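# Structure assessment
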Amino acid sequence: MNSTLSLLFWGALLGALLYVGAQSVGPAPALGPFLDPVNGVWGVAYSAEFDAESMAHIPGLDGDVEVVYDDRRVPHIFATTIPDAQRALGYVVARDRLFELEIQTRATMGTLTEIAGPAAIGVDRRSRELGLAWAARRDFEQLVTEMPDLVQALEAYADGVNAYIDSLDPADYPLEYHLTSATPLRWEPIHTLYLLKRMGQTLAYNGTEARKAWIASRVGREAADALIPVNSPIQEPIVPFEGERTLASRVPDPGEPDPDAAIQLATMTAFFGPGDYGRDPDGPIVGSNNWAVGPSRSATGNAVLSGDPHLGLTLPSIWYEAHTVVPGELDTYGVTLAGTPTIIIGFNRDVAWTFTNTGADVLDLYRERLDDPDAPTSYMLDGEWRPLDLRVEEYLGPDGDVIATDTIRHTHRGPIHSLNGVPMSMRWTVLDGQGEVPALLQANRATSVDEWLDIMSDNWYAPTQNGLVADRTGSIAIQSAGAYPIRPEATQGDWYFDGTTKASDWSGRLVDVPRAVDPEQGYLASANQQPIDPGASDAYLGSDWPSPWRALTINRLLRSKTDHTAADLEAYHTHPRSARADGFLGRILDIADGLESEGRLEPGATEAVSLLREWNLEYTPDNTRATLFESVFEELHGSLWDELEDDEGNRRATPSSAITWMLFDQPDSPWWDDLDSEMVEDRNALVARSLARGLADLRAERGPEADGGWAWGAVSPINIDHLLGLPALGRRGIPITGGNGLLSPTAGGGTHGASWRMVVELGEEVVARGTYPGGQSGNPVSSSYTDRLEHWAAGELEDLRFPRSADELRSGDHARSVLRLTGGER
């Protein structure tokens, strides 16, 4: 090992030991086996880098497979059959990300106790009560009967993963196995469905029901409906719309608490856990951007597509980059989730595609009536008692002993939680079906926009996604694909239904989903905003849409000229300005000007105004005025919504800043009054006070500006943790250009952001660039553990090598390692 790797290894080892010691319950584990020179952690260091030439065996291969790793450690898989390409993909993903495969599978199965013991029982219980693994098992049984070709793909991928596991000696296990004394879990075909159900949980639950219930429990149902509206008060829809905008009107005054809301709130907390219910005020923690320009907006006349899904940032990354080639059948490049036998986001020779989350409302609650509150066996439906489906769940410890047993009950809609004698069941599309794997497998081979859209329409189910696609002819399109429930007439899904009648059930799914193909404007963009303007469609898709600041920003950039280059689209990923700041700062300064002319602005507020006038409205790492603006806005936003706090001052749900924008037009609304002060504030008074306090708070927390503590990059950095939270294996405090509401977000305390950035130009030859925050290897000693992080933080993409053959990669001097896979009898 070189000196840098050696320091990294010893630092990681020490950090891991300290972490394990701090987390241990009961006697500390013996370190002898852990430090054994043959079977202990030392193998981690020896397996960090790949040999220039190596060979491996995968039983069942149809022919030999050559895997050529390029200078970014991307495996280019050259196979003679598609199942062989899937076997090889499973092998190379396991080679780099074996523990990631395991931990995400166990998280869905609810078997973390088998590694961590009773400390993980709460997490496992919630997973099993949600029923993700239960639904995956049911879906897999259906696939075996109806889609044997798909099951073959899952089996081929499993063959590759298990072949790699079989090649390992204990000394070769990744670091995390040495820390936990675990052995690798055999990969089963169904595990791919577990992974996709887990992604469904991430992307198809946005906390709307919980947020609305929290707000109603503080200020009443009418106010909650206005603060968590069906339609965004600022419309910048995904599907282009030139008609009259439909905006929300006056926000009603706070009302009396709705005690009934506590039932819904408690149920959602029981199913999904406590917390802030999944979003920041200016958008979801889990969001994304994508945009594309057609020939009329492109400098070259080619379609150019860009995407950057925003997800939780971890080491190793959620994404793994790969290229699979089967001559005449498959030639696809992009990123895959560890555990899936296909590329998720990427491109082939004809088509490029990417996704953003739609955030639609695809979950409903139903208040049920049971025959026995303590040990129910039946539920009432249309005047008849129907038997509940029961499943017994056993939780095992590390030694295989049963440490807990639960009985989980289901109606025909889904699982039940009974709290304080009130049983509530849940219907959720994530538990209903499986179409993502067949959609992705087919989409990888699409040759046109129309074919890609048809595949998604026919197969994609959950979570609902805005799929953006472009092809070599210059066509561009976007479609909000997936299952949107049709609910009883004149109802929505953000309040619970009466479960004692089938009249409350869904009656099907929307067929006419939001879609746009080759719009006259010449570009398309989505950033999790409301998909279609309510003036164009009255279909209920969801509510509480993220504020469309990112959508406004990217649409302004795209309509600003007609000669966009791929480099332009790349630069937009980290565009330093925000439509949110552009709008709010102007309104705040206008109010301050009026107050100052009347002599009503105190010195602290006057100074803050003077400093903010110097701001160039950019969120670059060295910018100090961005920090001041956010301090002022945080003070304003917090005081504005103090009615939503509990008796201890906790606020678990906050309306979006689009609602705050709307309230600026209601200067005398009682919402502006600070309940903690003796006077009654209006909008102007609260703005003036927020200016003064925002500046004072910033100085109190960060010191004088001259000391350097105001730099935006230090105040709002990116923090990327290891999958197990091992401190020495994460990277924290990374300064970037970005922030909440910007195209490059820093949400969730800096733990969420752009998980993959990609720009693809579809000309005579495909030219693509991309990167993600981390590296291909999950081995902390590897030079490929975080080698992309510096480029990513700087907003720089790297060339994506897309060779037609292994020889083409070698001739460009980009081949760094070769793995030859051979088969034989199973």
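Since we're looking at a predicted model, the values are computed, not measured.

## A look at the packing of helix α10 (residues 208-219) against helix α12 (residues 261-272)
The geometry of α10 relative to α12 is characterised by a closest axis approach of 8 Å and an angle of 145° between their N-to-C directions. Crossing handedness for the pair α10 and α12: left-handed. Together, Glu209, Ala210, Ala213, Trp214, Ala216 and Ser217 of α10 and Ala261, Gln264, Leu265 and Met268 of α12 make up the contact between the two elements. Its residues placed into classes, the contact of α10 with α12 shows seven nonpolar, two polar and one charged.

## Digging into empty space enclosed by the protein
The tally for this structure, following the rule as stated, stands at eight cavities of 30 Å³ or more. Estimates place the volume of the largest cavity at around 240 Å³. Lining the largest cavity are 21 residues, with Met199, Leu203, Trp319, Ile344 and Gln465 positioned closest to its centre. Elements represented by at least two residues in the lining of the largest cavity include exactly α9 (190-203), β6 (287-293), β7 (303-312), β12 (351-357) and α13 (436-443). For the lining of the largest cavity, the element with the highest residue contribution is α9, accounting for four residues. Residues that form the lining of the largest cavity fall into these classes: 14 nonpolar, six polar and one charged.

## Side note on a negative patch on the surface
On the surface, Asp450, Glu451, Asp454, Asp458 and Asp518 cluster together into a patch of negative charge. Here Asp458 is to be found in helix α14 (residues 449-459).

## Thoughts on the pairing of strand β19 (residues 422-428)
For β19, a buried count of six out of seven residues is recorded, marking the element as mostly surrounded by other parts of the structure. Pairing between strand β18 (residues 416-419) and β19: four bridges, direction antiparallel. Within the sheet, the bridge partner assigned to His417 lies in β19 and is Met424. Hairpin geometry of β18 and β19 is characterised by an intervening segment of two residues between the two adjacent antiparallel strands and by a positive phi of about 55° at Asn420.

## Details of the sheet that holds β18
Sheet strands line up and pair through hydrogen bonds in the backbone, either parallel or antiparallel. One open sheet accounts for four strands, arranged β18-β19-β13-β22; its pairing is mixed. The open sheet has two edge strands with one neighbour each: β18 and β22 (497-498).

## Notes on the environment of Pro341
When you line up the elements, Pro341 lands in the loop between β10 (330-337) and β11 (345-347). When the C-alpha atoms of Pro341 and Phe140 are compared, they prove to be 15 Å apart, with 201 residues separating the residues in sequence. Those residues in contact with Pro341 that sit more than four places away from it in its chain are Gln86, Leu89, Ala153, Leu154, Tyr157, Thr192 and Leu441.

## So, the environment of Ala338
Within the fold, Ala338 resides in the loop between β10 and β11. The spacing of Ala338 and Leu265 is 73 residues in sequence and 34 Å in space, taken between C-alpha atoms. Contact partners of Ala338, with chain neighbours within four places excluded, come to Val93, Glu100, Leu101, Gln104, Tyr157, Leu195 and Ile318.

## Let's talk about the confidence of the model for the protein
Looking at the protein as a whole, the pLDDT averages 90, with 92% of positions reaching at least 70. Across residues 1-35 the pLDDT falls below 50, and counting only partners more than four positions away or on other chains, this stretch makes 41 contacts in the model.

## Notes on α14
Of all the residues in α14, the buried ones are Val449, Trp452, Leu453, Ile455, Met456 and Asn459. One side of α14 carries all its buried residues, which in axial view fall inside an arc of 160°. For α14, the elements touching its buried residues are β12, α13, β20 (465-471), β21 (476-481) and β23 (515-517).

## Some remarks on the packing of aromatic side chains
Any pair of aromatic rings gets described here by the distance separating the centres and the angle formed by the planes. One pass over the full model with this rule turns up 25 aromatic pairs. The aromatic ring of Tyr395 is capped on one face by Arg125, whose charged end is 5.6 Å from the ring centroid. One cation-aromatic arrangement involves Arg218 over Trp214; the distance from NZ or CZ to the ring centre is 5.8 Å.

## Some points on the sheet that holds strand β26 (residues 731-734)
With mixed pairing, three strands are arranged side by side in an open sheet as β8-β25-β26. Every other strand in the sheet has two partners, leaving β8 (314-315) and β26 as the edge strands with one partner each. Examined bridge by bridge, β8 and strand β25 (residues 718-722) share two bridges and lie parallel to one another. Counterpart to Leu315 in the pairing with β25 is His722.

## Details of the side chain of Thr111
Within the secondary structure, Thr111 is located in the loop between α3 (82-109) and α4 (113-116). Judged by its relative accessible area of 7%, Thr111 is buried.

## Brief notes about the pairing of strand β13 (residues 363-367)
Burial analysis of β13 places four of its five residues in the buried class, which makes it a mostly covered element. Here five bridges tie β13 to β19, and the two strands are oriented antiparallel to one another. Pairing of Leu363 across the sheet is with Trp428, part of β19. As defined by bridge partners, β13 adjoins β22 across two bridges and the pair is classed as parallel. Residue pairing for β22: Arg367 is matched across the bridge by Asp498.

## Quick word on the nonpolar core
Here is a general trend for soluble globular proteins: nonpolar side chains tend to be buried in one another's company. With 184 residues, the main nonpolar core has Phe347, Trp428, Trp452, Phe629, Trp671, Leu691 and Leu821 as its most contacted residues. Top element by residues in this core is α3. It accounts for twelve residues. Every residue in contact with Trp452, bar those within four places of it in the chain, is listed here: Val351, Trp353, Phe355, Ala443, Ala446, Gly467 and Val469. Residues Leu313, Leu315, Ile720 and Leu729 belong to the second largest nonpolar core, which totals 15 residues.

## Remarks on unusual backbone geometry
Here Leu315 and Pro316 are connected by a cis peptide whose omega angle stands at -5°. With respect to the helices and strands, the residue Pro316 is situated in the loop between β8 and β9 (319-326). The omega torsion of the bond from Ala462 to Pro463 falls at 0°, within 30 degrees of zero and hence cis. Inspection of the secondary structure assignment puts Pro463 in the loop between α14 and β20. If you check the backbone angles, Asn528 has positive phi at about 70° while not being a glycine. Classification of Asn528 as buried rests on a relative accessible area of 3%. One non-glycine residue, Asp813, lies in the positive phi region at around 60°. Along the chain, the position of Asp813 falls in the loop between α24 (806-811) and β31 (815-822). Judged by its relative accessible area of 55%, Asp813 falls in the exposed class.

## Comments concerning the packing of helix α6 (residues 132-146) against helix α7 (residues 148-166)
Packing of α6 against α7 brings their axes to within 6 Å, and their N-to-C directions diverge by 120°. Of the possible angle classes, the one that applies to α6 and α7 is oblique. Together, Phe140, Leu143, Val144, Thr145 and Glu146 of α6 and Pro148, Leu150, Val151 and Leu154 of α7 make up the contact between the two elements. A breakdown of the residues in the contact of α6 with α7 according to their chemical character gives seven nonpolar, one polar and one charged.

The rules behind each value
Per chain, residues are indexed from 1 in the order of the written sequence. Totals for whole chains, interfaces and linings use every residue, but because this is a predicted model, local features are given only for residues with pLDDT of at least 70 and side-chain atom pairs only at 80 or more, for both listing and counting. Side-chain calculation: all heavy atoms of the structure are included, whereas hydrogens and water are not. All axes are obtained by fitting lines to C-alpha atoms, using only the stretch in contact for helices, and the reported angles, taken between N-to-C directions, cover 0 to 180 degrees. Each helix is a run of H or I in the DSSP string that is no shorter than four residues. Each strand is a run of E no shorter than two, and both are numbered from the N terminus. Left-handed describes a crossing whose near helix is turned anticlockwise from the far helix by less than a right angle; the clockwise case is right-handed. In what follows, a contact means two residues having at least one pair of non-hydrogen atoms within 4.5 Å. For this classification, Asp, Glu, Lys and Arg are treated as charged, while Ala, Val, Leu, Ile, Met, Phe, Trp, Tyr, Cys and Pro are nonpolar and the rest, including Gly, are polar. Cavities and pockets are found on a 1 Å grid laid over the protein atoms alone: a cavity is a set of points where a 1.4 Å probe fits but cannot escape, a pocket is an open set with protein on both sides within 12 Å along at least five of seven lines, and a lining residue has an atom within 4 Å of such a point. Grid points are joined across faces, edges and corners, and a volume is the space filled by probe spheres set on the points. Like charges are joined within 9 Å and nonpolar side chains (Val, Leu, Ile, Met, Phe, Trp, Tyr) within 5 Å, but only among residues with over 30% relative accessible area and no salt bridge; these make up the patches. Only the protein chains shown count as covering a residue, and every accessible area follows the Shrake-Rupley method with a 1.4 Å probe. The term salt bridge refers to a pairing of a side-chain nitrogen on Lys or Arg with a carboxyl oxygen on Asp or Glu at a separation within 4 Å. The convention is simple: Lys and Arg are positive, Asp and Glu are negative, and His and the chain ends are not counted. Here the site of a charge means NZ on Lys, CZ on Arg, CG on Asp, or CD on Glu. The cut-offs for exposure are 20% and 50% of the maximum accessible area for each residue type, with area from a 1.4 Å probe on protein chains only; residues under the lower value are buried, those over the upper are exposed, and the others partly exposed. Pairs of strands are assigned from DSSP output, requiring at least two bridges between the strands. pLDDT runs from 0 to 100 and stands for how confident the predictor is about each residue. Starting at the helix axis, one direction is taken to each C-beta atom, and the arc is that of these directions. Any two of the Phe, Tyr and Trp rings considered here, Trp counted by its six-membered ring, make a pair once their centres fall within 6.5 Å; the pair's planes then place it as stacked at under 30 degrees, edge-to-face at over 60, or tilted in between. Here, a charge over a ring is recorded when the distance from Lys NZ or Arg CZ to the ring centre is within 6 Å and its angle to the ring normal is within 35 degrees. Note on terminology: a nonpolar core comprises buried Ala, Val, Leu, Ile, Met, Phe, Trp, Tyr and Cys residues joined through side-chain atoms within 4.5 Å. Angular relationships are summarised with four words: roughly parallel below 35 degrees, roughly antiparallel beyond 145, roughly perpendicular across 65 to 115, and oblique for the angles in between.

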